[in-house]
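So the chains spell out like this:
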Amino acid sequence: MKTNDFLKPTFSDPAIVSSSQEGRDSQHYREILIDLSSQIKREQYQVSFTIPIIGFAYYWNPTRTGDLSLPIGGKEEVITKVNYSMPIFSFFDEQSINQFTFAFSEVVQPIKTSVEVIEETASIKVSASISRRDLKEGHLVMYYSTFQDSFSDAIKSARNWIYSATNITPSDVPEFAGKPIYSTWYSFHQQLSQEKIANQSRNFKDYRLSSIIVDDGWQTDDVHRGYSFAGDWKISKKKFPDMGESVKNMQLLNVKYLLWLSLPYVGRHSSHWDTLQNKLLFFDKQQDAGILDIRFPEVRKHLIKSAVNLTETLNLDGLKIDFLDVFDVSNADEKTNAGWDIQNLNDAFVTFLEELSRKLKWFKPDFLIEFREDYFGPFLNSVGNIFRVKDCPNNYIKNRISIANLRLLCPKAAVHSDMLMWNSQESTEAAALQVINCLFGTPQISVKLDELSLSKQRMLKFWLRYIDENRAILQNGEFKAPFPQNNYPVISAESTEKMIVGKFQSNGMVRINTASTRTIDIINGTFDQKITVNISDNCNGLVKTFSTEGRQVSMKVGNYAKGYYDFSVPKAGLLRIEVKQIG
């Protein structure tokens with residue numbers, strides 16, 4: 001691997017480059033200290049540079065989706081901040097090899113970064129702006145790497161640099177945070193009840209489900225969505241006559257109990273509306289609720305007290321804290337208020353969540369705190385320990401893409417799928433794709449277990465058992481996710497003993513190194529019934545295949561010379577190669 005010496009950023013104002021030096025732990029990147037004090041009279045600090053388009057085919061940032069080819073039609077902008085995305089940007093080639101990846105050290109305050117193609121010079125222009133009030137000392141550090149590493153490793157390197165540059169330490173993650181979990185949302189939406197979830201829990205052990213998230217609906221008799229009743233966080237006695245008993249009964253089954261909260265909202269029908277209606281960022285007409293302004297100390301105190309009291313009263317094991325991305329000053333009145341004790345909303349956000357996390361983890365050190373896309377940056381990793389794919393019902397492709405992105409961006413957290421669901425008339429193999437595409441994350445199951453056909457019961461039990469038994473490799477092994485431009489068609493994780501590969505695209509082939517790993521599992525995330533495998537070394541091996549319900553279909557001992565082989569594999573099934581001898 002090498003660096004591309006042609007790809008050095010040319011700054012429009014070279015005077016702002018205070019220093020440029022090789023990376024501290026390798027020669028694979030450079031740090032640039034940007035001094036913007038000369039722009040002190042501007043409201044917005046500005047940084048812009050160009051890089052020649054040499055080897056670029058695709059452009060990626062954490063929230064860019066769909067077509068990853070280079071931007072067309074002018075500037076493409078993204079604003080990163082404490083509760084939205086991360087300031088990492090990458091240009092890579094057709095083979096998913098890094099050409100130029102850059103990042104900024106500011107992860108709390110908003111940075112608007114734009115990327116555009118300059119026709120006249122066949123170059124990329126990058127422009128970044130940040131409020132002078134937000135960048136208090138006028139200094140920003142930029143990372144860039146032209147080391148021609150894999151896309152996955154380039155993103156992980158930039159991520160690691162950000163954590164180091166900001167001195168942020170990710171939160172510890174309890175072991176059970178990575179075990180399959182049940183969510184009530186798609187199963188019941190707001191029409192849930194104590195009796196309904198008790199009925200579901202009877203099957204949890206068979207499916208290796210170790211936790212339950214009781215989602216939206218427990219706090220209101222209303223079943224019409226929206227948040228006009230949000231803010232009281234009082235239990236609906238109609239749905240949950242004794243929620244304390246519900247929690248206790250789950251915990252007796254060794255099932256952790258998490259509750260959904262949407263802390264930013266206070267609805268017009270909440271008992272707190274009269275006292276809080278003048279302490280809003282803005283009012284959301286669609287939700288019939290206000291977004292609370294956490295720059296007021298009494299608002300933060302109210303929200304923390306509500307969450308902690310609920311947790312302690314019910315002896316909860318975790319909270320799913322939703323909609324933190326609506327704490328957004330862009331929709332708010334910019335005028336200052338004498339009641340604020342913190343003037344900057346992003347600083348208030350940090351103060352609020354630090355105190356909330358501290359109190360929840362004081363109650364239980366292994367307390368689970370779930371956040372979701374697109375608020376997954378370093379600060380949130382320091383207070384939360386679960387990051388979930390944002391809502392994508394019945395969309396296993398989106399689940400796969402976002403799990404891969406979150407695995408690359410979150411160094412320690414348990415990465416969870418969006419809740420899994422499927423039409424009851426769907427075939428077993430098609431339903432299995434919903435699960436298989438979440439192989440490298442933690443599946444959240446949200447179907448009515450007591451209504452599954454026998455075939456789907458066998459399928460779901462098999463794959464959840466497989467994921468649970470292989471968590472050490474799937475979640476902590478060496479993770480590789482190339483070709484984001486193709487929606488991550490092949491993803492792998494491996495240890496010295498075992499390699500697990502998910503193949504999610506028809507045609508193509510899978511490369512395996514039979515010299516370094518003794519057992520290779522290839523999961524067929526397609527309806528193809530053939531997988532082409534490129535075997536690295538001459539070997540003798542035992543080859544087994546399994547159906548999507550876990551039934552062994554074939555077993556064969558063979559001698560394989562280095563090269564390509566076609567193996568018959570059931571739809572949504574499993575191919576296992578056990579290497580017995582090399583050479």
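The structure under discussion appears in the preceding block.
Engineer: Can you walk me through the overall build of the protein chain in this structure?
Structural biologist: The number of helices and strands found in the protein chain is 12 helices and 32 strands. Against the compact-globule benchmark of 25 Å for 583 residues, the protein chain has a radius of gyration of 25 Å, which places it among compact chains. Oriented by its inertia axes, the alpha-carbon framework of the protein chain measures out at about 80 × 70 × 40 Å. Across the 583 residues of the protein chain, 60% fall into the buried class. Residue pairs at least 24 apart in sequence account for 71% of intrachain contacts in the protein chain once pairs closer than 6 positions are excluded.

Engineer: Is there a simple way to think about the pairing of strand β16 (residues 280-284) in this case?
Structural biologist: The side chains of a regular strand alternate, first on one face of the sheet and then on the other. Most of β16 is tucked away, with four of its five residues classed as buried. Sheet topology places β16 next to strand β17 (residues 289-292); four bridges connect them, and they run antiparallel. Its bridge partner being in β17, L280 is matched across the sheet by L292. As consecutive antiparallel partners, β16 and β17 are separated by four residues, and within that stretch D288 has a phi angle of approximately 55 degrees, a positive value.

Engineer: Just to check I follow, could you spell out the packing of helix α3 (residues 194-201) against helix α4 (residues 243-252) for this structure?
Structural biologist: Relative placement of two packed helices is described by the angle separating their axes and the distance separating the axes. At their nearest, the axes of α3 and α4 sit 11 Å apart, and the two run at 5 degrees to each other. With respect to their mutual orientation, α3 and α4 come out roughly parallel. Each of Q194, I197 and S201 in α3 lies in contact with α4, whose residues at this interface are M243, E245, S246 and M250. Within the contact of α3 with α4, the residues separate by chemical class into three nonpolar, three polar and one charged.

Engineer: Would you mind going over the sheet that holds strand β25 (residues 498-503) with me for this structure?
Structural biologist: The strand order across the open sheet built from seven strands is β23-β24-β25-β27-β32-β29-β30, with neighbouring strands paired in mixed fashion. Each edge of the open sheet is held by one strand with a lone partner, namely β23 (478-480) and β30 (552-560). The sheet shows a mean angle of 15 degrees between the axes of neighbouring strands, taken without regard to direction. Pairing between β25 and strand β27 (residues 519-524): six bridges, direction parallel. When the bridges of β27 are listed, M499 appears paired with I520. The strands touched by helix α11 (residues 454-469) are β25, β27 and β32 (574-582); relative to β32, the strand with the most contacts, the crossing angle is about 40 degrees.

Engineer: Mind showing me how you'd approach the environment of R576 here?
Structural biologist: Note that R576 resides in strand β32. Looking at R576, the relative accessible area reads 18%, which means it is buried. The spatial distance from the C-alpha of R576 to the C-alpha of N254 is 32 Å, given a sequence separation of 322 residues. Contacts of R576, omitting those with residues within four sequence positions, involve Y466, K498, T519, I520, D521, L542, V543, K544 and F546. One polar contact links R576 to D521, side chain to side chain, over a distance of 2.7 Å.

Engineer: Would you explain the side chain of N83 in this entry?
Structural biologist: Assignment of secondary structure puts N83 in the loop between β6 (76-80) and β7 (88-92). Here the side chain of N83 touches L324 through a polar contact of 2.9 Å, landing on its backbone oxygen. In this view, N83 contacts L324, D325, F327, N346, F349, D374, Y375 and L380; residues no more than four positions away in its chain are not counted.

Engineer: I keep staring at the pairing of β25 and nothing clicks. Help me out?
Structural biologist: Here β25 lies mainly inside the structure; six of its six residues are buried. Residues of β25 alternate between two faces, with K498, I500 and G502 on one and M499, V501 and K503 on the opposite face, all of them buried. Here strand β24 (residues 490-494) folds back onto β25 in antiparallel fashion, the turn holding three residues.

Engineer: Can you walk me through the environment of E429 in this structure?
Structural biologist: Tracing the backbone shows E429 in helix α10 (residues 428-436). The class for E429 is partly exposed, based on a relative accessible area of 29%. Discounting chain neighbours no more than four positions away, the residues touching E429 are F527, T548, K571 and A572.

Engineer: How should I be thinking about the pattern of salt bridges in this particular structure?
Structural biologist: When the charged atoms of two side chains lie near each other, side chains of opposite charge can form a pair. The full count for this structure, using the stated rule, is 31 salt bridges. Between R471 and D468 there is a salt bridge whose closest N-O contact spans 2.8 Å. Exposure remark for R471: the relative accessible area of 14% places this residue in the buried category. One salt bridge in this structure joins K530 and D566, with 4.0 Å as the shortest N-O distance. Of the two residues, K530 sits in strand β28 (residues 530-535) while D566 sits in strand β31 (residues 563-568), which places them 36 residues apart along the sequence. Judged by relative accessible area, which is 46%, K530 ranks as partly exposed. Given a relative accessible area of 48%, D566 falls into the partly exposed group. Among the charged side chains, a network of salt bridges with common partners joins E175, K179, R208, D468, E469 and R471.

The rules behind these values
- Within every chain, residues take consecutive numbers counted from 1 along the sequence as written.
- Where totals are concerned, whole chains, interfaces and linings use all residues; where local detail is concerned, this predicted model gives features only for residues with pLDDT of at least 70, and gives and counts side-chain atom pairs only at 80 or more.
- The side-chain quantities take in all heavy atoms of the structure and omit both hydrogens and water.
- Secondary structure elements are defined from DSSP: runs of H or I of at least 4 residues count as helices, runs of E of at least 2 residues count as strands, and each element is numbered from the N terminus.
- We compute the radius of gyration over the C-alpha atoms and compare it with the globule rule, which gives 2.2 Å times the number of residues raised to the power 0.38.
- The classification of residues rests on relative accessible area computed with a 1.4 Å probe and restricted to protein chains. Under 20% of the type maximum is buried, over 50% is exposed, and intermediate values are partly exposed.
- Every residue pair with non-hydrogen atoms within 4.5 Å of one another is taken to be in contact.
- Note on pairing: DSSP must find at least two bridges between two strands before they are called paired.
- Think of each axis as a best-fit line through the C-alpha atoms, taken over the contacting stretch in the case of a helix, with angles from 0 to 180 degrees between the N-to-C directions.
- We call two directions roughly parallel when the angle between them is under 35 degrees, roughly antiparallel when it is over 145, roughly perpendicular when it lies between 65 and 115, and oblique otherwise.
- The classification used treats Ala, Val, Leu, Ile, Met, Phe, Trp, Tyr, Cys and Pro as nonpolar, Asp, Glu, Lys and Arg as charged, and all other residues, Gly among them, as polar.
- Here a polar contact is taken to be a pair of N or O atoms separated by no more than 3.5 Å, where protein atoms must pair a possible hydrogen donor with a possible acceptor and residues adjacent in sequence count only if both atoms sit in side chains.
- Each salt bridge in this description consists of a side-chain nitrogen of Lys or Arg and a carboxyl oxygen of Asp or Glu lying within 4 Å of one another.

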